[in-house]
Amino acid sequence: MTWMIIRLVLSLAFIAVVLLGAARLAKKKGLGQGNGLIEVVARQRMGRSSTVNVVRIADVVLVIGATEEHITLLAEVDSEIVDSALAERRVPAPRPAPLPAADGSLPTRVGAPAVVGRTSNGMLAGSVFDRAGWGSFVREMRERTVRKP
């Protein structure tokens, strides 16, 4: 029984050494690291196996449709337009100030609440796993279901 445990520990140690060696070799060769020339700006799933990707290669921005079988160039977009769209997406819209009542006092509540969620621009942005999207959804549902006097 002791001999089997010793063999197990030695086998795991051997595997760890091999993996560390492979990782160092890959790092030395530069494998698995991007050089910054190609950047995926945005990605949107269109179906089970199809996506539309916006890819920046140096100063050229391409819109690419991809399925399991094919990759198709859909359009070439001006880089400035993409940059301005990304800037608008990252900056949250300002909340409008409530209008004062006739007597000059500010109302505590004006119509429907303005839902301003956190903007996220990570890998999960816009997907089901995006926390900001679920947070704004929950806030909106609370506002719609709470009893108002």
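Up top is the structure these notes are about.
Below is a summary of the structure that appears in this document. (Residues numbered from 1 in each chain as written. Predicted model: local features only at pLDDT ≥ 70, side-chain atom pairs only at ≥ 80, totals over all residues. Heavy atoms only, no water.)

## Things to note about the pattern of salt bridges
Argument step 1. A full pass over the atoms with the stated rule returns two salt bridges.
Argument step 2. We note a salt bridge from Glu 39 to Arg 56, for which the minimum N-O separation is 3.6 Å. With Glu 39 in strand β1 (residues 38–45) and Arg 56 in strand β2 (residues 51–57), the pair connects residues that are 17 residues apart, well separated along the chain.
Argument step 3. Judged by relative accessible area, Glu 39 falls into the partly exposed class, the value being 41%.
Argument step 4. You can call Arg 56 buried: its relative accessible area is 13%.
Argument step 5. The shortest N-O distance in the salt bridge between Asp 83 and Arg 56 comes to 2.9 Å. (Salt bridge = Lys/Arg side-chain N within 4 Å of Asp/Glu carboxyl O. Helix = DSSP H or I, 4+ residues; strand = E, 2+ residues; numbered from the N terminus. Buried < 20%, exposed > 50% of the residue type's maximum accessible area, 1.4 Å probe, protein only.)

## Digging into the nonpolar core
Argument step 1. In this structure, Val 41, Val 54, Val 61, Val 63, Val 82 and Leu 86 together form the largest nonpolar core, which totals six residues.
Argument step 2. The set of elements that each furnish at least two residues to this core consists of β3 (60–66) and α2 (79–90).
Argument step 3. With near-sequence residues (within four places) excluded, Val 63 lies in contact with Val 52, Asn 53, Val 54, Thr 72, Leu 73, Leu 74, Ala 75 and Val 77. (Core = buried A, V, L, I, M, F, W, Y, C linked by side-chain atoms within 4.5 Å. Contact = heavy atoms within 4.5 Å.)

## Focus on the sheet that holds β2
Argument step 1. Ordered in space as β1-β2-β3-β4, the four strands form an open sheet in which the pairing is antiparallel. Since the sheet does not close on itself, it has two edges, and those belong to β1 and β4 (71–77), each with one partner. Neighbour-to-neighbour, the strand axes of this sheet turn through a mean angle of 25°, independent of strand direction.
Argument step 2. The sheet contact formed by β1 and β2 spans seven bridges and is antiparallel. Looking at the pairing, Glu 39 lines up with Arg 56 of β2. (Pairing = 2+ DSSP bridges. Axes fitted to C-alpha atoms, helices over the stretch in contact; angles between N-to-C directions.)

## Notes on the environment of Val 52
Argument step 1. Relative to the helices and strands, Val 52 is located in strand β2.
Argument step 2. In sequence terms Val 52 and Thr 67 are 15 residues apart; their C-alpha atoms lie 9.0 Å from each other.
Argument step 3. The contacts of Val 52, once residues within four sequence positions are left out, are Ala 42, Arg 43, Gln 44, Met 46, Val 63, Ile 64 and Leu 74.

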